[in-house]
Amino acid sequence: MDYQQFEALAMPLMIFALVAFMGYIVWDLAKRSKAGRYGTMVLFFGLGLGVVGFVIKAIIIGNVEG
């Protein structure tokens, strides 16, 4: 396995792990601050927009590059 194959495999896994960890942080923040159902939804919506933006960027770059 060369460097490019390792990077192609490790990068999506590490990004998923980072997003999952950020989700845990947001959940813990909502729980500790007693944000309630609406506040928790708002916090996760903010995190979700960042993740969706990252995915859309990857799709657009993939389409532009061919």
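A. Highlighting the packing of helix 1 (residues 3–32) against helix 2 (residues 36–65). Between helix 1 and helix 2, the least distance of the axes is 9 Å, while the angle of their chain directions is 165 degrees. Taken together, the axes of helix 1 and helix 2 are roughly antiparallel relative to one another. Helix-helix and strand crossings are classified by hand; for helix 1 and helix 2 the assignment is right-handed. On helix 2, the residues that touch Ile 15, Val 19, Met 22, Gly 23, Val 26, Trp 27, Leu 29 and Ala 30 of helix 1 are Thr 40, Leu 43, Phe 44, Leu 47, Val 51 and Phe 54.

B. Inspection of unusual backbone geometry at higher detail. Unlike most non-glycine residues, Lys 34 shows phi in positive territory, near 55 degrees. Here Lys 34 is to be found in the loop between helix 1 and helix 2.

C. Highlighting the environment of Met 11. Along the polypeptide, Met 11 turns up in helix 1. For Met 11, a relative accessible area of 43% corresponds to the partly exposed category. A C-alpha to C-alpha distance of 29 Å links Met 11 and Thr 40, two positions 29 residues apart in sequence.

D. Structural detail: the pattern of salt bridges. All chains considered together, the criterion is met by 1 salt bridge. With its nearest N and O atoms 3.1 Å apart, the salt bridge here joins Arg 32 to Asp 28. Linking Arg 32 with Asp 28, this pair stays in helix 1, spanning 4 residues, or about one helical turn.

Criteria and cut-off values
Residues numbered from 1 in each chain as written. Predicted model: local features only at pLDDT ≥ 70, side-chain atom pairs only at ≥ 80, totals over all residues. Heavy atoms only, no water. Axes fitted to C-alpha atoms, helices over the stretch in contact; angles between N-to-C directions. Helix = DSSP H or I, 4+ residues; strand = E, 2+ residues; numbered from the N terminus. Parallel < 35°, antiparallel > 145°, perpendicular 65-115°, else oblique. Left-handed = near helix turned anticlockwise from the far one by under 90°. Contact = heavy atoms within 4.5 Å. Buried < 20%, exposed > 50% of the residue type's maximum accessible area, 1.4 Å probe, protein only. Salt bridge = Lys/Arg side-chain N within 4 Å of Asp/Glu carboxyl O.

Spatial relationships are all this shows, so hold off on functional conclusions.
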